[in-house]
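Single-letter residue listing:
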Amino acid sequence: MGVSGRLLRYASARPRSLLVAVPHGTRARLLAEAELARRGWRPAGTPASADLLVVCGSPEKSLARAVETIWADTPCPRARVELRDDLRPEQVADALDGAVSRLADGPAQRRDAAERVRHQARRDRGGVHGHGPEHGRQEHEDRHAVDGHGDGNGHGHGAGDGNGHKNGNGHGNGDRDGNGHGNGDRDGMGGPGGLRMAGRGADRDGLTLDRLHVPLGPVLPDWPAGLVVETVLQGDVIQRARVRISGGSGVARFWDAPWLAALAGRHVTRGAAARRRAASHLDSLGRLLAVSGWDSSATRARRLRDRLLWERPDDGLARDFARFARRVRRSRPLRWMLRGLGTVDASHGPAVRVRGDVVARMERWLAGTEAALGELDDRSRLADDEGPRGPVGERPSESLLAVLPTLLAGAELAAARLIVASLDPDLDQVPSAYEVLHA
């Protein structure tokens, strides 16, 4: 074995992993996160820094194209793992072991790199930037959907107008103003490399600034599975937002499973439902703390979540959670950062039951976890007439998505990530064709 082979084997032992969460793949995501944490593998924030792509669930169409774009942007040496939602924990471990072996396989990695060079040459000859065949334009569209240069409406045979329509001759109203109207005809050669040029418009201070169309998602660290928020930005301030979902092919609803099982007539104890509810709150807390930049506390929240889901709860669980909750509640910088963001009140409608700002929602998760931990030993039966009152019960996620564009309008981009994390909609509940327009 030469020096390059030894270095490859050494680097492949602890790869940096980029996890892609897919709607209805929640169980696979949780198992993957638990196994990655057990191995001490660090997460990757971008495809460029990743060695391993872990796809949790079965993505459909638009999300599958986004995954392929992410894979194309992952540098060699690289490996890819696809986890179905029905896998057992030991199968997840075996899949990751196989990925390590592929990363350490020098000849296979060199063949992969050579194939990427040939593929890039074919793309260049085909004219990806709007001058060549249709498949090149589709690939260009998919890349925009991930890396933030497009509006998500695409430009297949021609650039889309502000409402997502296309004409037949390859020309369209490729840009739009804040009201969704086209502001100039342009073809695929209207901008550098076929990219859309920024429009201009007045901001909240009356200044005329560039207006950029930037989608957030569907593949971002600590982001709800399959969520896409298409934004119109001026500077780092969101002027308008639209929400849509890139879905998965499954039907499982992991967090609601105990309540749905009770509705189906199966015996479910209240303690089992309380365990699932507490784990859901800890999962949401971990996402919010990670987006806030407090990685150590995010790791603690996820470790407590994994103990609830995959291990037998012990006497120390409540004590460890109390210590974690006390630390979170006493953090003045965290409360200063989150206070006043994304406030929901009665004006947003009775369907939205989460009131208050991000701090209030965080406190609700902490209090809900405390209450659920006190019910773990309850062996009474969960009544089948109670309805799905799980951690995200009664399908409230659609109401959360409906209010999201209003909360994001006027927010800075960093604050928008915190607002989305504090709502944490469960897209397993929502049809993949769901879309919210902010008029």
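Sequence order as written defines residue numbering, which begins from 1 separately in each chain. In keeping with the predicted nature of the model, local features appear solely for residues at pLDDT of at least 70, side-chain atom pairs appear and are counted solely at 80 or more, and the whole-chain, interface and lining totals rest on all residues. In computing side-chain values, all of the structure's heavy atoms are included and hydrogens and water are not.

## Quick notes on the overall build of the protein
- Counting secondary structure elements, the protein contains 14 helices and eight strands.
- Here the term buried applies to any residue with accessible area under 20% of the maximum for its type, exposed to any over 50%, and partly exposed to those in between, with areas from a 1.4 Å probe on protein chains only. Across the 439 residues in the protein, those meeting the buried criterion constitute 50%.
- Whether two residues touch is decided by their heavy atoms; if any such pair falls within 4.5 Å, the residues are in contact. Put simply, of all contacts in the protein between residues at least 6 apart along the chain, 66% involve residues at least 24 apart.
- Total accessible area on the protein is roughly 20,700 Å²; 52% of this is exposed by carbon and sulfur atoms. Think of it this way: any DSSP run of H or I at least four residues long counts as a helix, any run of E at least two long counts as a strand, and we number them from the N terminus. Note on areas: Shrake-Rupley, 1.4 Å probe, and residue coverage restricted to the protein chains presented here.

## Observations concerning the packing of aromatic side chains
- Each Phe, Tyr or Trp ring, with Trp reduced to its six-membered ring, pairs with another whose centre is within 6.5 Å; inter-plane angles below 30 degrees give stacked pairs, above 60 give edge-to-face pairs, and intermediate values give tilted ones. Applying the stated criterion to the full structure yields two aromatic pairs.
- Pairing Phe254 with Trp255 gives two aromatic rings, centres 5.0 Å apart and planes at 75°, and the pair type is edge-to-face. The pair formed by Phe254 and Trp255 is uniform in burial state, with each residue classed as buried.
- Look at Phe321 and Phe324: their rings are 6.0 Å apart centre to centre, the planes differ by 45°, and that puts the pair in the tilted class. Of this pair, Phe321 and Phe324 both sit in helix H10 (residues 316–329), three residues apart, which is roughly one turn of the helix. Accessibility assignment for this pair places Phe321 and Phe324 in one class, buried.
- It is Arg78 that lies over the ring of Trp71; its NZ or CZ is 3.9 Å from the centre. Comment: the charge-over-ring label is applied if NZ (Lys) or CZ (Arg) is within 6 Å of the ring centre and within 35 degrees of the ring normal.

## Digging into H10
- The span one expects for a helix is its residue count, reduced by one, times 1.5 Å. Between its terminal C-alpha atoms H10 stretches 20 Å, which fits the 20 Å expected from 14 residues at 1.5 Å a residue.
- Taken together, the buried positions of H10 are occupied by Gly316, Leu317, Phe321, Phe324, Ala325 and Val328. Seen along its axis, H10 keeps its buried residues to an arc of 170°; they face one direction. Note that the arc is defined by the directions from the helix axis to the C-beta atoms.

## Observations regarding helix H4 (residues 89–103)
- With 15 residues, H4 extends 22 Å from end C-alpha to end C-alpha; this agrees with the ideal 21 Å at 1.5 Å per step.
- Within H4, burial applies to Val92, Ala93, Leu96, Ala99 and Leu103. Around the axis of H4, the buried residues are gathered within 115° of arc, so they sit on the same side.

## Overview of the sheet that holds strand E2 (residues 52–56)
- By this definition, two strands are paired if DSSP reports at least two bridges between them. Reading across from one edge, E1-E2-E3 is the order of the three strands in this open sheet, with parallel pairing throughout. The outermost strands of the open sheet, each flanked by one partner alone, are strand E1 (17–21) and strand E3 (79–83). Averaged over all adjacent pairs, the angle separating strand axes in this sheet is 15°, with direction ignored.
- Summarising the sheet, E2 and E3 pair through five bridges and their orientation is parallel. Within E3, the position partnered with Val55 by the bridge is Glu82.
- Axes, fitted as lines to C-alpha atoms, cover a helix only where it is in contact. Angles between the N-to-C directions of the axes lie from 0 to 180 degrees. Strands in contact with helix H2 (residues 26–39) are E1, E2 and E3; relative to E1, the strand with the most contacts, it is inclined by about 165°.

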